[in-house]
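Examining the three-dimensional arrangement
In case you want the letters, here they are:
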2 protein chains.
Amino acid sequence: MREDTLIGGIGMGYRIGMAVGVTYVIAGLFGPDGRLLRREKRPTVRSSSSELLAEVADIARDLLAQEGVDNGRLDAVGIGLPGFIESDTGLVTSANLPFGEFPVASRLRHLLDVPITVHNDVKMTVYGESLRGAGRGYAYVLGVTLGTGMSSTWISNGKLHEGNGGLAGEIGHIRFPDISYACGCGMIGCLETVVSSSGIARQAREGLAAGWIGPLADRFPLELRDELTAIDVLEAYHAGDAFAAHLFQRTAKWLARALVPTIAMLSPDLIIIGGGVAAAGEVFFEALKTAVADGLHPLYRERLLIVPSQLGEDAGVYGSAEYAVNAMPMKV
Amino acid sequence: MREDTLIGGIGMGYRIGMAVGVTYVIAGLFGPDGRLLRREKRPTVRSSSSELLAEVADIARDLLAQEGVDNGRLDAVGIGLPGFIESDTGLVTSANLPFGEFPVASRLRHLLDVPITVHNDVKMTVYGESLRGAGRGYAYVLGVTLGTGMSSTWISNGKLHEGNGGLAGEIGHIRFPDISYACGCGMIGCLETVVSSSGIARQAREGLAAGWIGPLADRFPLELRDELTAIDVLEAYHAGDAFAAHLFQRTAKWLARALVPTIAMLSPDLIIIGGGVAAAGEVFFEALKTAVADGLHPLYRERLLIVPSQLGEDAGVYGSAEYAVNAMPMKV
């Protein structure tokens with residue numbers, strides 16, 4: 001439990017934030033002072049949209065009951081989930097949850113009788129990190145998430161920037177002429193094909209095929225190579241594999257290319273890097289900081305901080321709870 | 001005179017916007033409905049800081065007198081000038097005007113007895129374009145100014161983004177490994193050394209030295225080559241010089257490299273390109289649009305507009321008047 005000071009909610013009621021993932025639902029009840037009072041983690045029910053919604057509503061009621069909070073004192077529930085939320089209609093489409101053009105917010109509002117916000121889970125994670133984690137106290141925060149895919153989130157004075165068409169943040173799909181991998185989006189050369197955990201695994205497989213030797217090569221002979229993941233590359237790095245170190249450093253340099261112009265345009269206080277690739281730690285962050293500094297005027301280098309995320313799997317719970325209180329769009 | 005509808009000021013009083021340039025002061029009196037009522041352009045008095053301030057105050061009083069507006073109905077004066085304005089102290093340092101750590105706003109406040117804002121002239125030009133020119137009606141506007149130097153300005157819902165340390169927008173000083181010119185800032189390889197009017201002249205001189213032929217080469221034999229400017233390159237382009245066309249296209253591609261990552265991160269509605277290089281028109285804009293589209297997912301390409309600035313030399317007058325009314329920092 002974090003002993004945070006409140007952000008933006010003194011004198012308000014209770015709020016709940018939930019990260020509805022493919023495997024687990026993680027939920028948190030926050031007090032009027034913004035503190036996380038109780039946390040709940042349950043396997044995600046994926047049998048149908050209505051059963052998943054019923055589970056979400058149950059978790060909310062249970063959290064209130066366990067803390068002895070009257071339902072009427074709940075102000076809002078914020079949900080983060082992996083999917084696309086149409087900004088006009090609020091319809092949710094999620095390839096990995098049983099939602100296809102489904103009105104999650106309005107249905108939940110019916111079940112719980114409080115305002116509901118629904119937003120993309122990665123955005124909510126960065127929003128939580130920005131307001132309650134690594135970004136606490138900073139006005140201008142750029143979050144970069146490097147998981148299976150990659151994306152960015154710009155938060156200015158606590159406000160999540162959505163952009164034209166809600167498209168802000170898809171930096172995974174900018175193209176560089178010297179990247180030649182086919183991307184799942186249908187294009188060739190997207191940054192995400194290298195700067196992501198899948199991209200690191202891809203680069204590792206290619207490097208091994210080209211003859212790199214070391215712990216990673218020993219562990220993954222040709223017949224096992226398809227199973228290689230970014231976690232294996234990280235383990236090999238910790239086992240002293242020079243090639244694994246090189247992969248994280250090269251990936252950091254590619255990321256820097258995308259960050260440098262935006263840093264100059266926005267002058268953020270802080271860049272928070274989250275997701276699986278950030279777990280590589282120093283080898284990745286040092287290469288990233290060096291490459292970013294190399295591309296910028298010293299005035300930026302002196303001010304800008306580049307840090308890992310702090311809240312772990314709870315970031316989305318903090319983020320969706322804050323969003324439910326602070327944000328207006330799609331609150332029904 | 002523009003017949004604009006009002007932006008953000010119904011029921012308020014009159015306001016004055018001024019662009020204090022090295023050669024001219026251009027000033028405009030705006031009515032309570034936001035319309036430009038009267039405009040004045042005078043040579044800049046550069047003999048001393050106090051004489052320049054007296055001139056600025058005179059222009060303001062004259063504008064009011066000519067329109068028969070009582071001084072008491074003036075709400076605010078906004079000034080844009082070429083220089084650095086320290087955000088804490090409001091001190092202005094300008095290499096080309098007689099201001100060295102000079103408190104322009106507080107002195108003018110003393111002379112005119114209304115709230116004064118002072119901001120960088122290029123930012124005020126883009127702010128004016130965003131609110132009253134090419135960007136009217138758009139929420140997310142990225143302005144790029146390509147003059148002797150280059151810079152960017154991000155305006156979100158009418159709010160000018162300053163960034164950490166007021167450093168947002170110095171995209172001229174991001175470095176690319178394949179640019180090798182020394183920049184005035186002390187670094188090597190800054191984008192501004194190629195993407196600016198001075199950069200176009202530099203590339204032209206280098207190309208002529210390398211043996212390019214055509215109208216530009218004919219007009220600038222070796223002994224005249226130092227005098228070559230971007231305007232000459234533009235004239236050569238209009239005279240059918242293939243090398244001149246190539247220079248604008250290559251410059252557009254360099255600019256696209258800096259724009260693509262930021263477009264993906266922010267998803268602007270509109271990018272406004274202003275400054276001397278934008279005068280090249282179609283040859284530059286078509287190459288820019290193609291290079292930007294090539295780097296982005298089709299979803300962005302379909303939505304994003306890239307347009308030239310519209311307000312000409314009055315943009316800064318509109319911008320500083322709007323800023324005086326809308327913005328709070330440094331208003332004394």
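This structure is a prediction, so every number in the text was calculated from the model and none was measured.

All names here are of chain A. What the domain assignment lists for chain A is domain 1 (14-130 + 313-326) and domain 2 (138-309). For domain 1 and domain 2, the distance between their C-alpha centres works out to 29 Å. Tallying the contact residues gives nine residues for domain 1 and 14 residues for domain 2. Interface of domain 1 and domain 2: buried area, both sides summed, is about 1000 Å²; carbon and sulfur atoms make up 60% of it. A per-residue breakdown of the area domain 1 buries against domain 2 is headed by Lys123, Val126 and Ser130, which together make up 49% of the total. At the junction of domain 1 with domain 2, the criterion picks out zero salt bridges. Looking at the side of domain 1 that touches domain 2 element by element, the count peaks at seven residues for helix 3 (residues 121-132). Tallied by class, residues from the side of domain 1 that touches domain 2 come to five nonpolar, two polar and two charged.

Below, the discussion takes up the relation of the copies chain A and chain B. Copy one and copy two of the chain differ by a rotation about a common axis and a shift along it. For the pair chain A and chain B, the superposition axis carries a translation of 0.0 Å, the fit reaches an RMSD of 0.0 Å, and the rotation angle comes to 180°. These values place the two chain copies in the arrangement generated by a two-fold rotation axis. No C-alpha of chain A lies nearer the rotation axis than that of Thr262 of chain A, which sits 2.6 Å from it. Comparing interface residues between copies, 100% of those in chain A also sit at the interface in chain B, which points to an isologous, same-surface contact.

This part is about the environment of Ala105 of chain B. Residues and elements named next belong to chain B. For Ala105, the position within the fold is in helix 2 (residues 104-112). Using a relative accessible area of 8% as the deciding quantity, one classes Ala105 as buried. Separated by 102 residues in sequence, Ala105 and Gly207 have C-alpha atoms that sit 46 Å apart.

Turning our eyes to something else, we now look at helix 1 (residues 49-67) of chain B. All names here are of chain B. Taking 1.5 Å per residue as the helical rise, helix 1 with its 19 residues ought to reach 27 Å, and the 28 Å between its terminal C-alpha atoms agrees with that figure. Taken together, the buried positions of helix 1 are occupied by Ser49, Leu52, Leu53, Glu55, Val56, Ala57, Ile59, Ala60, Leu63 and Leu64. Buried residues belonging to helix 1 abut strand 1 (14-20), strand 2 (24-30), strand 3 (36-43), strand 4 (74-81), strand 7 (99-102) and helix 2. Where helix 1 terminates, the next one or two residues include Gly68, which has phi positive at roughly 65°.

Residues in a regular strand point their side chains to alternate faces of the sheet. Residue and element names in this part refer to chain A. The element strand 9 (residues 140-146) is extensively covered by neighbouring structure, given that seven of its seven residues are classed as buried. Along strand 9, one buried face is formed by Tyr140, Leu142, Val144 and Leu146 and the opposite face, lined by Val141, Gly143 and Thr145, is buried too. Where strand 9 meets strand 10 (residues 150-156), seven bridges bridge the pair, whose relative direction is antiparallel. Among the inter-strand pairings, Val141 is bridged to a residue of strand 10, identified as Ile155.

Counting from both sides, the interface comprises 40 residues of chain A and, opposite them, 40 residues of chain B. Taken together, both faces of the contact between chain A and chain B bury some 3300 Å²; the carbon and sulfur share is 61%. The largest contributions to the chain A side of the interface with chain B come from Asn164, Leu167 and Met265 of chain A, which together make up 23% of the buried area. Counting the contacts that link chain A with chain B gives two salt bridges. For Arg175 of chain A, the salt bridge goes to Asp294 of chain B, with nearest N and O atoms at 3.6 Å. Inspection of the region where chain A meets chain B yields 23 residue pairs in polar contact (both at pLDDT 80 or more). The set of elements that each furnish at least two residues to the side of chain A that touches chain B consists of strand 9, strand 10, helix 7 (242-266), helix 8 (282-295) and helix 9 (298-303) of chain A. The element contributing the most residues to the side of chain A that touches chain B is helix 7 of chain A, with nine residues. A breakdown of the residues in the side of chain A that touches chain B according to their chemical character gives 21 nonpolar, 12 polar and seven charged.

Residues and elements named next belong to chain A. Strand order in the open sheet formed by five strands is 11-10-9-12-13, and the pairing between neighbours is mixed. A strand with exactly one partner marks an edge of an open sheet, and here the two such strands are strand 11 (159-160) and strand 13 (305-308). Bridge count between strand 10 and strand 11: two bridges; the pairing is antiparallel. Counterpart to Ser156 in the pairing with strand 11 is Lys159. Sheet contacts for helix 3: strand 9, strand 10, strand 11 and strand 12 (270-274); angle to strand 10, the most-contacted strand, approximately 45°.

Cut-offs used in this document
Residues numbered from 1 in each chain as written. Chains lettered and ligands numbered in written order. Predicted model: local features only at pLDDT ≥ 70, side-chain atom pairs only at ≥ 80, totals over all residues. Heavy atoms only, no water. Domains from an automatic or database assignment. Contact = heavy atoms within 4.5 Å. Buried area = accessible area lost by both parts, 1.4 Å probe. Salt bridge = Lys/Arg side-chain N within 4 Å of Asp/Glu carboxyl O. Helix = DSSP H or I, 4+ residues; strand = E, 2+ residues; numbered from the N terminus. Nonpolar A, V, L, I, M, F, W, Y, C, P; charged D, E, K, R; others polar. Least-squares fit on C-alpha atoms with pLDDT ≥ 70 in both. Buried < 20%, exposed > 50% of the residue type's maximum accessible area, 1.4 Å probe, protein only. Expected span 1.5 Å × (residues − 1). Pairing = 2+ DSSP bridges. Polar contact = N/O pair within 3.5 Å; in protein donor to acceptor, adjacent residues only side chain to side chain. Axes fitted to C-alpha atoms, helices over the stretch in contact; angles between N-to-C directions.

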